[in-house]
Amino acid sequence: MIGVGLRFKTSVRVHKKKHGSSQVRRTIAIVALAVAALCGAEGAGAQPAYPSKLVRLLCWTSAGSPLDVMMRQVGKQFAEMLGQTFVVENRPGGEGVLAMSLVQNAPADGYTILSTTSSMSFAMAASDMKFSPNDFTILPALQAEPSAVAVRADSRFKTMKDFVEAIRAQPDKISVGGFSSAGFHQYVFYRLQQVGDFKSIWVPFKGGGDAAVALLGGHIDVAVMTPSSGLSQLQSGDIRLLGISSAERNEYFPDVPTFKEQGYDIVEEIWRSVMVRAGTPKPVLDTLMMAVEKMKTTKQWKDFSTLNMQSSMNISLDAMQAKVRSEIASNREFLTAAGLRK
């Protein structure tokens, strides 16, 4: 464009000698329009750096749930690193279908980001729904956490054996619930029913925090949930854990025996992350991946994870896609066998 400017100035000087000032002004106007058109053509394909406007973080669980808490921390740190506003919107309902629909109806540009967990892979496997992992790109897991069996502090159940023997004898007298229908925690409970040889009815809630509140209020007798779902109640001593689904005793709950050491060979953990619509441009994905990796190394994120008793999971972007597809395939088998798949 510098060369164009020099040629323009020379042309004007020559033209001014031969013609009047009015003709010069017309010439200037014509050349200016040409320059503007050329500049527009050169910049037509240029896009502003991501993110250049507000980014929506959709959370498919209720406010106060572990996933919601994680999303708000992600939004805060992404905003600090990327210099743009990230707003969390809670869109619970339909086992994540509502939130997934919102993402699929938005442009594949990275400005609508959706929370995701192992439970959402169960939702995708639960029926021949219109959503599959091919519709999204799932970023590497940010958190990992086991499930647990929780009771009120005054419960007559002191161990997993107490609970299993009681529900085996009177399955219609003991109510058990947790987050989601046909999701991760119901899967853990289903495994427990198989190993413990009992049957029961599952009471689903919109969030793990809702299940903890229901437990504390006496609306259910037992909750199968992540410990972080009832963190404040655990810290206050209002509820306690009978067992936990980690392979070994959890670093945050060293006094809680695992399912396995109590005779129930069940080892499971739930992961949490975010995902975007498939087809999101690589530069946008690269920016988000950079933000994720950088965030995980910060003291702020590490302190947040410790405070909320969350473990980490090191996995690549490609391996994450493969993990979700593998989970959906195995979950579909479980749901079909359990009569939970529509």
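Values in this document were obtained by computation on a predicted structure and should not be read as measured data.

**A closer look at the side chain of S65**
Part 1 of the reasoning: Along the chain, S65 turns up in the loop between β1 (55-59) and α3 (66-82).
Part 2 of the reasoning: Taking relative accessible area as the criterion, S65 reaches 2% and is therefore assigned buried.
Part 3 of the reasoning: A distance of 2.9 Å separates the side chain of S65 from the backbone oxygen of S62, its partner in a polar contact.

**What to know about the environment of S101**
Part 1 of the reasoning: Residue placement: S101 occurs in helix α4 (residues 97-104).
Part 2 of the reasoning: Residue S101 is classed as buried on the basis of its relative accessible area, which comes to 16%.
Part 3 of the reasoning: As a C-alpha pair, S101 and K130 span 29 residues in sequence and 9.4 Å in three-dimensional space.
Part 4 of the reasoning: The residues touching S101, leaving out its near neighbours within four places in the chain, are K130 and F131.
Part 5 of the reasoning: For S101, the side chain forms a polar contact with the main-chain oxygen of V97, separated by 2.9 Å.

**With respect to the environment of D210**
Part 1 of the reasoning: Here D210 is to be found in helix α8 (residues 208-216).
Part 2 of the reasoning: The exposure class of D210 is partly exposed, given its relative accessible area of 31%.
Part 3 of the reasoning: At 3.1 Å, the side chain of D210 and the backbone nitrogen of G207 are in polar contact.

**Section: the nonpolar core**
Part 1 of the reasoning: One finds I113, V149, F163, V176, F189 and L192 to be the most contacted residues of the largest nonpolar core, which totals 78 residues.
Part 2 of the reasoning: Looking at this core, the element that brings in the most residues is helix α10 (residues 282-297), giving 7 residues.
Part 3 of the reasoning: Filtering out sequence-adjacent residues up to four positions away, V176 remains in contact with F163, I167, F189, S200, I201, W202, V203, V222 and V224.
Part 4 of the reasoning: Judged by nonpolar contacts, the second largest core, of 19 residues, contains A148, I220, L241 and V256.

**Quick notes on empty space enclosed by the protein**
Part 1 of the reasoning: Tallied over the entire structure, the rule returns 2 cavities of 30 Å³ or more.
Part 2 of the reasoning: A volume near 120 Å³ is recorded for the largest cavity.
Part 3 of the reasoning: Among the elements of the structure, α3 and β11 (269-277) are those that each provide at least two residues to the lining of the largest cavity.
Part 4 of the reasoning: Grouping the constituent residues of the lining of the largest cavity by class yields 4 nonpolar, 9 polar and 1 charged.
Part 5 of the reasoning: Estimated volume of the second largest cavity: approximately 40 Å³.
Part 6 of the reasoning: As for the second largest cavity, its lining consists of T116, T117, M120, S121, M124, P133, I138, W271 and V324.
Part 7 of the reasoning: When residues of the lining of the second largest cavity are traced back to their parent elements, those giving at least two are β3 (112-117) and α5 (118-126).
Part 8 of the reasoning: It is α5 that provides the largest number of residues to the lining of the second largest cavity, a total of 3 residues.
Part 9 of the reasoning: Grouping the constituent residues of the lining of the second largest cavity by class yields 6 nonpolar, 3 polar and no charged.

**Examining the packing of α10 against helix α11 (residues 299-307)**
Part 1 of the reasoning: At a minimum axis distance of 5 Å, the contact between α10 and α11 shows a crossing angle of 70°. Viewed along their axes, α10 and α11 adopt a mutual orientation that is roughly perpendicular. Seen from α10, the contacting residues are M295, K296 and T297; seen from α11, they are K299, W301 and K302.

**Concerning the environment of A166**
Part 1 of the reasoning: Checked against the element boundaries, A166 lands in helix α6 (residues 160-169).
Part 2 of the reasoning: A residue is classified by how much of its surface remains accessible, and A166, at 14% relative accessible area, is buried.
Part 3 of the reasoning: Residues A166 and R156 lie 10 residues apart in sequence; the distance between their C-alpha atoms is 9.9 Å.

**Examining the pattern of salt bridges**
Part 1 of the reasoning: For the structure shown, the criterion picks out 11 salt bridges.
Part 2 of the reasoning: When the shortest N-O distance is used, the salt bridge between R91 and E89 registers 3.2 Å.
Part 3 of the reasoning: Under the relative-accessibility criterion, R91 is labelled partly exposed at 28%.
Part 4 of the reasoning: What emerges from the salt-bridge pattern is a single network uniting R56, E89 and R91.

**Description of unusual backbone geometry**
Part 1 of the reasoning: Along the chain, Y50 connects to P51 via a cis peptide bond; the corresponding omega equals -5°.
Part 2 of the reasoning: Of note, P51 is situated in the loop between α2 (21-43) and β1.
Part 3 of the reasoning: Phi at D197 is positive, roughly 60°, even though this residue is not glycine.
Part 4 of the reasoning: With respect to the helices, strands and loops of the structure, D197 is situated in the loop between α7 (184-196) and β8 (202-205).
Part 5 of the reasoning: A residue is classified by how much of its surface remains accessible, and D197, at 59% relative accessible area, is exposed.
Part 6 of the reasoning: A positive phi angle, close to 55°, is found at M309, a residue other than glycine.

**A short note on the packing of aromatic side chains**
Part 1 of the reasoning: The final tally for this structure, using the stated rule, is 13 aromatic pairs.
Part 2 of the reasoning: Arranged with centres 5.6 Å apart and planes meeting at 80°, the rings of F78 and F86 form a pair that is edge-to-face.
Part 3 of the reasoning: Residue F78 is classed as buried on the basis of its relative accessible area of 2%.
Part 4 of the reasoning: Ring geometry for F163 versus F198: centroids 6.2 Å apart, planes at 70°, classification edge-to-face. Taken together, the residues F163 in helix α6 and F198 in the loop between α7 and β8 connect sequence positions 35 residues apart. For the pair formed by F163 and F198, the shared burial category is buried.
Part 5 of the reasoning: A connected cluster of aromatic rings, assembled from ring pairs, spans F157, F163, F189, F198 and W202.

So, how was this worked out
Residues numbered from 1 in each chain as written. Predicted model: local features only at pLDDT ≥ 70, side-chain atom pairs only at ≥ 80, totals over all residues. Heavy atoms only, no water. Helix = DSSP H or I, 4+ residues; strand = E, 2+ residues; numbered from the N terminus. Buried < 20%, exposed > 50% of the residue type's maximum accessible area, 1.4 Å probe, protein only. Polar contact = N/O pair within 3.5 Å; in protein donor to acceptor, adjacent residues only side chain to side chain. Contact = heavy atoms within 4.5 Å. Core = buried A, V, L, I, M, F, W, Y, C linked by side-chain atoms within 4.5 Å. 1 Å grid on protein atoms, 1.4 Å probe; cavity = no way out; pocket = protein on both sides within 12 Å on 5 of 7 lines; lining within 4 Å. Points joined across faces, edges and corners; volume = space filled by probe spheres on them. Nonpolar A, V, L, I, M, F, W, Y, C, P; charged D, E, K, R; others polar. Axes fitted to C-alpha atoms, helices over the stretch in contact; angles between N-to-C directions. Parallel < 35°, antiparallel > 145°, perpendicular 65-115°, else oblique. Salt bridge = Lys/Arg side-chain N within 4 Å of Asp/Glu carboxyl O. Phe/Tyr/Trp six-rings, centres within 6.5 Å; stacked < 30°, edge-to-face > 60°.

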